[in-house]
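So the chains spell out like this:
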Amino acid sequence: MSTIDWAAHLPVIWAGIAVVAVVMYVLLDGFDLGIGILFPYAGNDDDRDVMMNTVAPIWDGNETWLVLGGGGMLAAFPVAYATILPGTYLPLLVMLIALIFRGVAFEFRFKARTSRHVWDRSFHYGSLFATFAQGLVLGSFIQGFEVENRTFVGGPFDWLTPFTVLCGVALVAGYALLGCTWLIWRTEGHLREWCAQLCRPLLLAVMIFVGIVSLWTPFLDNDIAMRWFTMPNLLYLSPVPVVTFLVALGLWRTGTRRHDVVPFLLAMSLFLLSFLGLGISLWPNVVPPDISIWEAAAPPASQGFMLAGMVFLVPLVICYTVFCYYVFRGKVRPGEGYHH
Amino acid sequence: MELDPIFLSRVQFAFTISFHVLFPAFTVGLAAWIVVLEGLWWGTGRDVYGQLSRFWTKIFAVSFGMGVVSGIVMSFQFGTNWSVMSQQTGNVVGPLIAYEVVTAFFLEATFLGVMLFGQNRVPRGLHFFSSLMVAIGTLISTFWILSANSWLQTPGGFERGPDGVFAVVDWWQVIFTPSFPYRLAHMVTGAFLTTAFVVAAVSAWHLLKRRTVPHAQIGLSMSLGLICVLAPLQIFIGDLHGLNTLEHQPTKVAAMEGHWERQRGASLILFGLPDMEAETTHYEIAIPKLSALILTHSLDGETPGLLDVAPEDRPYAPVVFWTFRIMVGLGLVMLAIAVWSLYLRARGRLFDSPVFLRTLVACLPIGFIAILAGWFTTEIGRQPYMVYGLLRTADAATPSLSGWSVLVSLLAFIVAYGVIFPSGVYYMVRLVQGGPDTGEIRPPGLAEGRPQHQKRPLSVPEESLEPAE
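Residues numbered from 1 in each chain as written. Chains lettered and ligands numbered in written order. Predicted model: local features only at pLDDT ≥ 70, side-chain atom pairs only at ≥ 80, totals over all residues. Heavy atoms only, no water.

### As for the overall build of chain B
Point 1. In terms of helices and strands, chain B carries 15 helices and eight strands.
Point 2. At 24 Å, chain B has a C-alpha radius of gyration in line with the 23 Å of a compact globule built from 469 residues.
Point 3. When its C-alpha atoms are laid out on the principal axes, chain B stretches across 70 × 55 × 45 Å.
Point 4. Expressed as a percentage of its 469 residues, the buried residues of chain B come to 59%.
Point 5. Placing the 28 positive and 32 negative side-chain charges of chain B at their respective mean positions leaves the two points 14 Å apart. (Helix = DSSP H or I, 4+ residues; strand = E, 2+ residues; numbered from the N terminus. Rg over C-alpha atoms; globule rule 2.2 N^0.38 Å. Buried < 20%, exposed > 50% of the residue type's maximum accessible area, 1.4 Å probe, protein only. Lys, Arg positive; Asp, Glu negative; His and termini not counted. Charge placed at Lys NZ, Arg CZ, Asp CG, Glu CD.)

Encoded structure:
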C-alpha cells in the first residue's frame, strides 16, 4: 500500500479551500457592498430602505467569509498571513474602519431619525472605502511583496502604485455591478428600472477595467507573461478571455430586459472568470512573487486536523446559508421592512 | 520623535480587545436569556414572554452588531501587528480560530438573520430554533477563543523547532491546556452574570418608573434568581482558577498579591502600592496568613514572590494588583446583592424596596467592569510573554512596522470607536426607555408558499427612537 504524501497534497487542498472562501466572500459580500456603493444615488428614501432590506438579514453571514479567509490563512499558510498582512497594513486599516462604520449602520440607521443621514453616509462611504481598500490589497497581492527570510521587509507604502489604485477602482465598479444585478433580481418597480438602466454603463466600466488589469498583469512579472503568451499555453488559455467576453455580452443583452436572476448569475460568472485568470497567473504562489503554497504551508498535523473538520462543517455552513437565503426569498417591496 | 511600534501595538491591542470583549460578555448571556423567553413563549403561549423576548432581541441586535464589527478587527491584528507571533504560533492557534469561524461565527451570523427578521416568515418553533442556534454559537465561540487564549497562557501539546515555530504534537493537549477549563468556566459565568445584572437593572428601573410592571417583575425575579446561583459559584470557580494560576503562572499570582518575597504564611494585602523600582509594596494594609490560606489552603503554605524571577521577567505589578482587587471586590458586591435579594424574596418584598431597586440600577455595569478588570489581570499578568515563558511580547511584533503606521491606526480606532460606542449605547438606552412593546403580537407567518406581507409594516418610521423634529 503506498502512503499518501500529505505534505505535498494538503497545501493544494488548502489552497483550494482558501480560494473557495475568498470567492464566496467576494461574491456574497461583494453584492451587499455594491448596494452600499450605489446607495446614495437611489431615487428616494423608500428605495434606500428597500435596498438595505434586501441584504439586512444576510449581510452578516456574507461578511463571515472574510473572517474565514483571515483565520483559514493564519491556520493553513501562516507564512502568507504573516507577510501579506504587514505588507498591506494601511489599506487593511482603512478596510476595517470602513467595515465598522458600514456594519453598525445596518442597526443604527433604522433606530435613528434626525441622525439617519449620518448612518446613510456611514453605510455608503463604509462600503465604498472597504471595497476600494480590498482592491488595493488585491492589487498588492498581484504585484507581489518584498520578502526576505519569510518576513515582509518592504515599506509602509509599497501597496500604493498606479496598478493597485486601478485595481481598487476596478473592484468598486465590479461590486457595484454585482449589487446592481442583485437589486434587479430582488426588487421591482422604479428601483428595478433604475438598476436595469445602470447595468450597461457599469458593465462597460467593469469590462474596461478588467481589460486593463488583465493586460497590465503580465507586465508586472515575467513569469506571468511567459505563462500566458507562450505556445501552447496561449491556445489552452484563450477560452478564458473568450468566455469572459461572451458572458459580458450575455449580461449586456439580459440586464435591461425582464430577466430576474439571470443578470446576477452572469455578473457572478464574470467574477469567477476573473478569478480563474488570476489563479492561472499566480499559481502556485501564495505570496507572490516567490513563496509557493508548499513553502508557506502549515505542517500536515495542522492542515490535516483542520481538514477533518472542514469536510463536514463547510457543507453544513453552506446548507444553512442556503436555508437563510430561502427564508428571505422573493421581491422586497417598499414599506415591507423585515425590520425587527 | 521616536515612536515605539511595539508599545503602540500593545496599546492598540489592549484598546480594541477591551472594547470588543464588552459585547461578547453581554451577548453570550443575553442570547441564552432570549432563548429561555422564546421557549417560555412557545411553551406557555403567554404574550408577556414574547414581548419580553422582542424587547431584549432589539437590544441584542445593537450589541451584537457592535461585537461583530469590532471582532473582525481582532482577527486581522494578529497578522498586521504581531506577525512573528502569527508565523510562530499559526500552526497551533490558527486552526482553533478557523474552527471558531466554521462552528460558531457562521452559525451565529446566519441564524441571527432569521432571529431578527424572520418573526413573520417562519413558524414559532423554527424561530425558537434560530435563537437557540445563535445562543449555542456564542458559547461555541467562547470555547474556541478561550482555548486559544489558554494555550498562549499555559501552552501544551507542542514541540518547537530551531526556527522558533511551534508545531502540534497532540491536539487534545493543545485544546485542553491546564488552565482552559477554569478560564472557560470563569468567563462564561462572568458573561452570564454580566447579562443578569443588566437585565436586573433594566427591570428594576422599569419597576421604579411603574412601567410594564408584569414584564419587569419577570425580568427581575429571573435575573436575581440566576445571580443567587452564579455569584457564589463564580467565587468558587475564581478560587479554583487562582489555584491553577499559582501552579502554572506563579509570577502572575505574585503580581496579583503584591508579594515580592517567596514566603510561608503570607498575609493578604488589602491595600498597597507595588513599586517595581524599589521592589516592594508600599503602605500595606494586610491580614496575616490569609493569602497563604486562600492560595494553599494552609496557614503556613508557601507562596511565590516577584523576586523569584529576574526583573525583566516580571509583569507590571501595580496594574495587575489593582485590577485583581477591583474584580474580587465586585464579585463580593455581587454576592451581597444575591444575599440581599434572597432576604427580600423571603419576605415577599422583592419588587417594592426602592433602595434595593436603585442599587440594582446603579449596579448595571458591574459585570462589564469585573470582566474588564479580570481580563487586564490575566493579560497584563502574563507579560512580558505572548506565549507564557516561551515567546516574549517584544519579540512577537511585526518587524517591518513603523511607529507612525501604528500611531495612525491606533488613533483611527480610537476615533471610530469613539463615534460608534456612544451611538450604540445611546440607541440601547433609548430602547430600554421605550420598554417592551405590549401590543398584541401578530401571528407568525407561513413557512410555505409566498412570504406573508404585513398590512401595517413594523418597520422603520414607527421604530424611530429619536424625537421627531
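### Overview of the overall build of chain A
Point 1. Scanning chain A for helices and strands turns up 14 helices and four strands.
Point 2. Since a compact globule built from 340 residues should have a radius of gyration of about 20 Å, the 21 Å found for chain A is in line with a globular shape.
Point 3. Projected onto its principal axes, the C-alpha positions of chain A cover 60 × 45 × 40 Å.
Point 4. When each of the 340 residues of chain A is scored for burial, the buried share is 58%.
Point 5. In chain A, 18 side chains carry a positive charge and 22 a negative one; their mean positions are 13 Å apart.

### Side note on the interface of chain A and chain B
Point 1. Taken together, the 73 residues of chain A in the interface contact 84 residues of chain B.
Point 2. Buried surface at the junction of chain A and chain B, both sides included, amounts to about 7200 Å², of which 71% is carbon and sulfur.
Point 3. Here chain A is connected to chain B by zero salt bridges.
Point 4. Linking chain A with chain B are 14 residue pairs in polar contact (both at pLDDT 80 or more). (Contact = heavy atoms within 4.5 Å. Buried area = accessible area lost by both parts, 1.4 Å probe. Salt bridge = Lys/Arg side-chain N within 4 Å of Asp/Glu carboxyl O. Polar contact = N/O pair within 3.5 Å; in protein donor to acceptor, adjacent residues only side chain to side chain.)

### Here we look at the pattern of salt bridges
Residues and elements named next belong to chain A.
Point 1. Per the stated rule, a full pass over the model turns up 17 salt bridges over all chains.
Point 2. Between Arg102 and Asp29 there is a salt bridge, with its nearest N and O atoms 3.4 Å apart. You can see Arg102 sitting in helix α5 (residues 89–108) and its partner Asp29 sitting in helix α1 (residues 6–38), a full 73 residues away along the chain.
Point 3. Judged by its relative accessible area of 0%, Arg102 falls in the buried class.
Point 4. Several salt bridges share partner residues, and in doing so they unite Asp45, Arg48, Asp49, Arg109, Arg116 and Asp120 into one network.

### Here's the deal with the side chain of B:Asp313
Residue and element names in this part refer to chain B.
Point 1. Mapped onto the elements, Asp313 comes out in the loop between β6 (302–303) and α10 (317–346).
Point 2. Side chain to side chain, Asp313 and Arg392 meet in a polar contact 2.2 Å long.
Point 3. Not counting the four nearest positions on each side in its chain, Asp313 is found in contact with Thr251, Gln383, Pro384, Tyr385 and Arg392.

### So, the environment of B:Ala216
Point 1. Summarising the element assignment, B:Ala216 is placed in helix α7 (residues 213–248).
Point 2. Between the alpha carbons of B:Ala216 and B:Trp205 there is a distance of 8.4 Å; along the sequence they are eleven residues apart.

### Description of the packing of aromatic side chains
Point 1. Under the definition given, this model contains 48 aromatic pairs over all chains.
Point 2. Centroid distance A:Trp182 to A:Phe264: 5.5 Å. Interplanar angle 65°. Geometry classified as edge-to-face. Here A:Phe264 lies in helix α12 (residues 262–282) and A:Trp182 lies in helix α7 (residues 162–186), a separation of 82 residues in the sequence. As far as burial versus exposure is concerned, A:Trp182 and A:Phe264 are alike and both buried.
Point 3. Between B:Phe158 and B:Phe166, the aromatic rings sit 5.2 Å apart at their centres with planes inclined by 65°, giving edge-to-face as the arrangement.
Point 4. Here B:Phe166 falls in the buried class, since its relative accessible area comes to 0%.
Point 5. Clustering of aromatic rings is evident, with ring pairs tying together A:Phe305, B:Tyr99, B:Phe143, B:Trp144, B:Trp171, B:Trp172, B:Phe176 and B:Phe180. (Phe/Tyr/Trp six-rings, centres within 6.5 Å; stacked < 30°, edge-to-face > 60°.)

### Section: helix α1 (residues 5–44) of chain B
Residue and element names in this part refer to chain B.
Point 1. When the terminal C-alpha atoms of α1 are compared, their 58 Å separation across 40 residues agrees well with the 58 Å that a helix rising 1.5 Å per residue should span.
Point 2. Where α1 begins, the capping side chain belongs to Asp4, and its oxygen is found 3.0 Å from the backbone nitrogen of Ile6.
Point 3. Positive backbone phi, at 75°, marks Gly45, one or two positions downstream of α1. (Expected span 1.5 Å × (residues − 1).)

### What to know about unusual backbone geometry
Residues other than glycine predominantly adopt negative phi, and peptide bonds predominantly adopt the trans conformation.
Point 1. In this model, A:Trp283 is joined to A:Pro284 through a cis peptide bond whose omega is 0°.
Point 2. With an omega of 5°, the peptide bond running from A:Pro288 to A:Pro289 counts as cis.
Point 3. A positive phi is found at A:Arg150, a non-glycine position, where the angle reads about 65°.
Point 4. Judged by relative accessible area, which is 37%, A:Arg150 ranks as partly exposed.
Point 5. Residue B:Glu279 is not a glycine yet carries a positive backbone phi of 55°.
Point 6. Assignment of secondary structure puts B:Glu279 in the loop between β4 (268–275) and β5 (280–287).

### Quick notes on helix α6 (residues 180–208) of chain B
All names here are of chain B.
Point 1. In this model α6 runs 42 Å from its N-terminal to its C-terminal C-alpha over 29 residues, within 8% of the 42 Å that 1.5 Å per residue would give.
Point 2. Most of α6 sits out of view: 24 of its 29 residues are buried.
Point 3. Two residues or fewer after α6 comes Arg210, characterised by a positive phi angle close to 55°.

### Regarding the state of the cysteines
Residue and element names in this part refer to chain A.
Point 1. This structure, assessed with the given rule, holds zero disulfides over all chains.
Point 2. The cysteine Cys324 is free of any disulfide, with Cys319 supplying the nearest cysteine sulfur at 13 Å.
Point 3. Residue Cys324 is classed as buried on the basis of its relative accessible area of 2%. (Disulfide = S-S within 2.5 Å.)

### Looking at the confidence of the model for chain B
Residue and element names in this part refer to chain B.
Point 1. Taken over all residues, the pLDDT of chain B has a mean of 88, while the share at 70 or more is 94%.
Point 2. No element of chain B has a lower mean pLDDT than helix α15 (residues 460–463), at 39, and none a higher one than α6, at 95.
Point 3. Under a pLDDT of 50 for its full length, residues 444–464 has, in the predicted model, 47 contacts with residues more than four places off or in other chains.
Point 4. The ipTM assigned to the predicted complex is 0.89, against a pTM of 0.89. (pLDDT = per-residue confidence, 0-100.)

### Here we look at the pairing of β5(B)
Residues and elements named next belong to chain B.
Point 1. Where β4 meets β5, six bridges bridge the pair, whose relative direction is antiparallel. Each residue of the ladder has a partner; that of Leu273, found in β5, is His282.
Point 2. Once β4 ends, the chain turns through four residues before running back antiparallel as β5, passing Glu279 with a positive phi of about 55°. (Pairing = 2+ DSSP bridges.)

### A few points about the environment of B:Gln383
Residue and element names in this part refer to chain B.
Point 1. Along the chain, the position of Gln383 falls in the loop between α12 (366–381) and β7 (385–387).
Point 2. A C-alpha to C-alpha distance of 8.4 Å links Gln383 and Lys252, two positions 131 residues apart in sequence.
Point 3. In contact with Gln383, not counting residues within four places along its chain, are Arg10, Asp313, Arg314, Pro315 and Thr393.
Point 4. Polar contacts involving the side chain of Gln383 include one to the side chain of Thr393, which spans 2.7 Å.

### Considerations on the packing of α7(B) against helix α8 (residues 250–257) of chain B
Residues and elements named next belong to chain B.
Point 1. It is at 5 Å that the axes of α7 and α8 come closest, and there the two elements cross at 125°. Relative to α8, the element α7 is oriented oblique. On α8, the residues touching Gly242, Thr245, Leu246, Glu247 and His248 of α7 are Pro250, Lys252 and Val253.
Point 2. When the residues that make up the contact of α7 with α8 are grouped by side-chain class, the tally is three nonpolar, three polar and two charged. (Axes fitted to C-alpha atoms, helices over the stretch in contact; angles between N-to-C directions. Parallel < 35°, antiparallel > 145°, perpendicular 65-115°, else oblique. Nonpolar A, V, L, I, M, F, W, Y, C, P; charged D, E, K, R; others polar.)

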